[in-house]
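Each chain, letter by letter, is given below.
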Amino acid sequence: MTSVLYDAPGPKAKRRNLIFSVVFFVLLALLLWWVWQVLDDKGQLEWSLWEPFTTSEAWTTYLLPGLADTLKAAALAMVIALPLGAVLGIARMSDHRWVRIPAAVVVEFFRAIPVLLLMLFANEFFARSTDVTSEDRPLYAVVTGLVLYNASVLAEVVRAGILALPKGQSEAAQAIGLRKSQTMSSILLPQAVTVMLPAIVSQLVVIVKDTALGGVMLGFTELLNSRGTLAANYANVIPSFIVVAVIFIVLNFILTSFASWLEGRLRRSKRSTGAVLGPEDVDDLNAAEVGGTHGTGAEK
């Protein structure tokens, strides 16, 4: 049996895949056992290092405020970058050169600069050219850097998602007299959302993780920066890294799970019932249309 994308494995391939899977899980188990032994030998598994995470002080004083700042910066960046990326992506497909070329320059420029460099530039700009306080400056710089970089990436995602649709969609819209703006807003974008959603979610996960750059370089009190303060007070560097890593994993898993649910819901909502109209149904529709036209006094 074959599929569009691959041939179904035969008996030999199934045995080979089973052997590879068993070997992989054995090697993974050995690696985890080795890591456990190294941590145990270095005294990193002692209860005194992990006990602070069972108290409310470690969470309410350090981890939860840091997590709140992480979510705040990520949410602001998402809310601004998504519509901005959509506008830039659509502008790159404009028929007008004065719209298409500047949009392309902005996208390619900010997409080529590392997000950390954008954060540093933004921090200096806010420090020298604005009245933003020193307490708020790291948040502003982090959000600005994330927006500029991720909006440029999302613009390419939007453009690729729209171009991936069959040309017949645009041609059918033109055939019934829709303008390009109407075609984009009513036909292309709603269909492209489902296609773009996995890539958009991947970029949102990147936004959440990149907030840590502001904590390392700008002193932004996000989750990783708060972990450093916690580790300095409790002298549990390795355990604190492990706990923060687990928090990031859970946070991104929730985000991707929600996106998968949303994608499935969108796909189900767009399924057609497949109903076929009979001749009497068509006659009824035509009669209703004629009656509505006469009733409104419109000319045929």
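Reading guide: rules and limits
- Residues numbered from 1 in each chain as written.
- Predicted model: local features only at pLDDT ≥ 70, side-chain atom pairs only at ≥ 80, totals over all residues.
- Heavy atoms only, no water.
- Helix = DSSP H or I, 4+ residues; strand = E, 2+ residues; numbered from the N terminus.
- Buried < 20%, exposed > 50% of the residue type's maximum accessible area, 1.4 Å probe, protein only.
- Contact = heavy atoms within 4.5 Å.
- Areas by Shrake-Rupley, 256 points an atom, 1.4 Å probe, with all protein chains shown as cover.
- pLDDT = per-residue confidence, 0-100.
- Salt bridge = Lys/Arg side-chain N within 4 Å of Asp/Glu carboxyl O.
- Axes fitted to C-alpha atoms, helices over the stretch in contact; angles between N-to-C directions.
- Parallel < 35°, antiparallel > 145°, perpendicular 65-115°, else oblique.
- Left-handed = near helix turned anticlockwise from the far one by under 90°.

Caption draft 1: Region of interest: the overall build of the chain. Counting secondary structure elements, the chain contains 11 helices and 0 strands. Its helices and strands in sequence order give the chain the pattern α-α-α-α-α-α-α-α-α-α-α, from N to C terminus. Split into buried and exposed, the 300 residues of the chain put 32% on the buried side. The contacts in the chain between residues at least 6 apart in sequence include a share of 72% that link residues at least 24 apart. Carbon and sulfur atoms make up 66% of the accessible area of the chain, which amounts to about 19000 Å² in all.

Caption draft 2: Seen up close, the confidence of the model for the chain. Taken residue by residue, the chain gives an average pLDDT of 82. The fraction at 70 or more is 85%. Highest mean pLDDT in the chain belongs to helix 5 (residues 115-129) (92); lowest belongs to helix 11 (residues 279-296) (52). Ignoring residues within four places in sequence, the model shows residues 272-278, a span with pLDDT below 50, making 2 contacts including any to other chains. In the predicted structure, residues 293-300 sits below a pLDDT of 50 and forms 2 contacts with residues beyond four places in sequence or in another chain.

Caption draft 3: Expanded view of the pattern of salt bridges. Evaluated as defined, the whole model comprises 5 salt bridges. Between glutamate 124 and arginine 128 there is a salt bridge, with the nearest N and O atoms lying 3.1 Å from each other. Separated by 4 residues within a single helix, glutamate 124 and arginine 128 lie in helix 5, roughly one turn from each other. By relative accessible area, which is 36% here, glutamate 124 ends up partly exposed. In this structure arginine 128 comes out as exposed when scored by relative accessible area, which is 69%. Among the charged side chains, a salt-bridge network with shared partners connects Arg92, Glu108, Arg111, Glu156 and Arg159.

Caption draft 4: Expanded view of the packing of helix 3 (residues 56-91) against helix 9 (residues 223-234). At a minimum axis separation of 7 Å, helix 3 and helix 9 run at an interaxial angle of 160°. The angle between helix 3 and helix 9 falls in the class roughly antiparallel. Relative to helix 9, the crossing made by helix 3 is right-handed. The residues of helix 9 that touch helix 3, namely those facing Glu57, Ala58, Tyr62, Leu63, Gly66, Leu67 and Thr70, are Leu223, Ser226, Thr229, Leu230, Asn233 and Tyr234.

Caption draft 5: Just unusual backbone geometry, in detail. A positive phi angle is found at alanine 235, which is not glycine, with a value near 55°. Along the chain, alanine 235 turns up in the loop between helix 9 and helix 10 (237-269). Overall, the relative accessible area of 58% leaves alanine 235 in the exposed class.

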